[in-house]
Amino acid sequence: MSLSHRLPPGAPVVDPYYVYAPPPRPDPHRHGVLTLFVAGLPDDVKPREIHNLFSHRPGFDHCLLEYTGRGNQAVAFVTFFTHESALSAMNSLNGTIFDPGTGDRLHIELAKSTSRRPRGGGEVYRVIDKRANKPEGNADHENDGDEEQWGEDEDGGNNDSGDGGSDEPSGTENENSSDRNELPADQSDQLPHKQQNGQSPSNDGRDKSSSDIPPCSTLFIANLGHACTEDELKEVLSREPGFHVLKMRRRSGMPVAFADFMDIESSTAAMNNLQGTILASSDNDGLHIEYARSKMRKS
DNA sequence: AGCACA
């Protein structure tokens, strides 16, 4: 029960497993770190996509995108002016479905240390490209293990090569109810899927999105840590507009929960906002939230 | 991946 155990020399006096905290709780751990570590990015992510995703967040300073030579995923380091700003951005963007075609979600944590700020003022982001060959159509330069820098004018809107443009909505700091944050299980496809050549898998007319469950005002919450309590989850859910009641139950070890909301818009906004949230009790990844298959009974 | 309560 005691949180005090031996710590490596020089380490901050914290419980190493209690890295993240729900928004209301300040985490005294990793104190002072201003940089977020962002994983789960596709290999063809663009620097401006990272910039567009985070630069709208309050307190944004600069970001660094690194294409790792191995693995299909790039990582990013996003730095804020304050620790609280970094935590706020992490909590609201964690679990964001970056590419609706794949459904992969972003995994955001606090970085081990604050990134060094590029010299010079203004908003500047860096790119480190360690890939041997780049995807076709994007071969501007071929430099392995090199580092490029771009100056960024802080105003003026679209200034990059006009392609893609996955701007993250999420409002400025208001609740977004009618934002097209991600594609729910809907038949209307806004973005064209990247369909590989040759044999395509079973295409029975219904694309598999993040879930095949139709919208429901009750949410199904999984991937809870074994130590997750109802109070802990309720504290996070209580911040979401329209939240009514939470019910937790354990089946074969891992707990799951059902959260009922006033309407589908509220549940959708809460799901988008809390998707991937890492609680203090989380074991590995953050919350997995879907629409429940049936609405919670009125009690 | 894991969906209950009546």
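The structure this text deals with has already been given above.
In what follows, the accompanying structure is described. (Residues numbered from 1 in each chain as written. Chains lettered and ligands numbered in written order. Predicted model: local features only at pLDDT ≥ 70, side-chain atom pairs only at ≥ 80, totals over all residues. Heavy atoms only, no water.)

**A short note on the overall build of chain A**
And step 1. Each helix and strand counted, chain A has 4 helices and 10 strands in total.
And step 2. In chain A, the succession of helices and strands from N to C terminus is β-α-β-β-α-β-β-β-β-α-β-β-α-β.
And step 3. Classification of the 299 residues of chain A by burial places 40% in the buried group.
And step 4. Counting only contacts in chain A whose residues sit at least 6 apart along the sequence, the fraction spanning at least 24 positions is 65%.
And step 5. Accessible surface, chain A as shown: approximately 17900 Å² in total, 47% of it carbon and sulfur. (Helix = DSSP H or I, 4+ residues; strand = E, 2+ residues; numbered from the N terminus. Buried < 20%, exposed > 50% of the residue type's maximum accessible area, 1.4 Å probe, protein only. Contact = heavy atoms within 4.5 Å. Areas by Shrake-Rupley, 256 points an atom, 1.4 Å probe, with all protein chains shown as cover.)

**Let's talk about the packing of aromatic side chains**
And step 1. A full pass over the atoms with the stated rule returns 4 aromatic pairs.
And step 2. Each ring, one from Phe60 and one from Phe80, has its centre 6.1 Å from the other, and the planes form 90 degrees; the classification is edge-to-face. With Phe60 in strand S2 (residues 60-67) and Phe80 in strand S3 (residues 74-80), this pair connects stretches of sequence that are 20 residues apart. Like Phe60, the residue Phe80 is buried in the burial classification.
And step 3. Aromatic pair Phe243 and Phe261: ring centres 5.6 Å apart, planes at 65 degrees, arrangement edge-to-face. Residue Phe243 is found in strand S8 (residues 243-250), and its partner Phe261 is found in strand S9 (residues 255-261); the two are separated by 18 residues along the sequence. (Phe/Tyr/Trp six-rings, centres within 6.5 Å; stacked < 30°, edge-to-face > 60°.)

**A word on the environment of Asp129**
And step 1. Relative to the helices and strands, Asp129 resides in strand S5 (residues 123-129).
And step 2. Classification of Asp129 as buried rests on a relative accessible area of 7%.
And step 3. Separated by 61 residues in sequence, Asp129 and Thr68 have C-alpha atoms that sit 7.0 Å apart.
And step 4. In terms of polar contacts, Asp129 uses its side chain to reach the backbone amide nitrogen of Arg131, at 3.0 Å. (Polar contact = N/O pair within 3.5 Å; in protein donor to acceptor, adjacent residues only side chain to side chain.)

**Description of the sheet that holds strand S7 (residues 218-222)**
For sheets, the rule is that strands pair by backbone hydrogen bonds, running either parallel or antiparallel.
And step 1. Taken in spatial order, the 4 strands of this open sheet run S8-S9-S7-S10, and their pairing is antiparallel. A single partner strand is all that each edge strand has here, and the edge strands are S8 and strand S10 (288-291). Ignoring strand direction, the axes of neighbouring strands in this sheet form an average angle of 20 degrees.
And step 2. Relative to S10, S7 runs antiparallel, the two being bridged by 4 bridges. Its bridge partner lying in S10, Phe220 is registered against Glu290.
And step 3. Sheet contacts for helix H3 (residues 230-237): S7, S8 and S9; angle to S8, the most-contacted strand, approximately 150 degrees. (Pairing = 2+ DSSP bridges. Axes fitted to C-alpha atoms, helices over the stretch in contact; angles between N-to-C directions.)

**Remarks on the protein's contact with DNA strand B**
And step 1. In the vicinity of DNA strand B, 18 residues are found, and the nearest of them are Arg251, Glu290, Arg293, Ser294 and Arg297.
And step 2. Considering the 4 Å shell around the protein, atoms of DNA strand B inside it are sugar or phosphate in 35% of instances.
And step 3. The separation between a base nitrogen of DNA strand B and a polar main-chain atom of Arg297 is 3.2 Å.
And step 4. Within the residue set of the surface near DNA strand B, elements represented by two or more residues are S7, S8 and S10.
And step 5. A per-class count over the surface near DNA strand B returns 7 nonpolar, 4 polar and 7 charged. (Near = heavy atom within 4 Å. Nonpolar A, V, L, I, M, F, W, Y, C, P; charged D, E, K, R; others polar.)

**Topic: helix H4 (residues 264-274)**
And step 1. Restricting attention to buried positions, one finds in H4 the residues Ser266, Ser267, Thr268, Ala270, Met271, Asn272 and Leu274.
And step 2. Following H4 by one or two positions, Gly276 adopts a phi angle in the positive range, close to 80 degrees.

**Some words on the nonpolar core**
And step 1. In terms of nonpolar packing, the biggest core is built from 26 residues, with Leu36, Leu41, Ile50, Phe54 and Leu65 touching the most fellow members.
And step 2. At the level of elements, strand S1 (35-41), helix H1 (47-54), S2, S3, helix H2 (83-93) and strand S4 (107-110) are the ones that each hand at least two residues to this core.
And step 3. In terms of residues, this core owes the most to one element, H2, which gives 5 residues.
And step 4. Residues contacting Phe54, with those up to four places away along its chain left out, are Leu36, Val38, Phe60, Val78, Phe80, Leu93 and Ile108. (Core = buried A, V, L, I, M, F, W, Y, C linked by side-chain atoms within 4.5 Å.)

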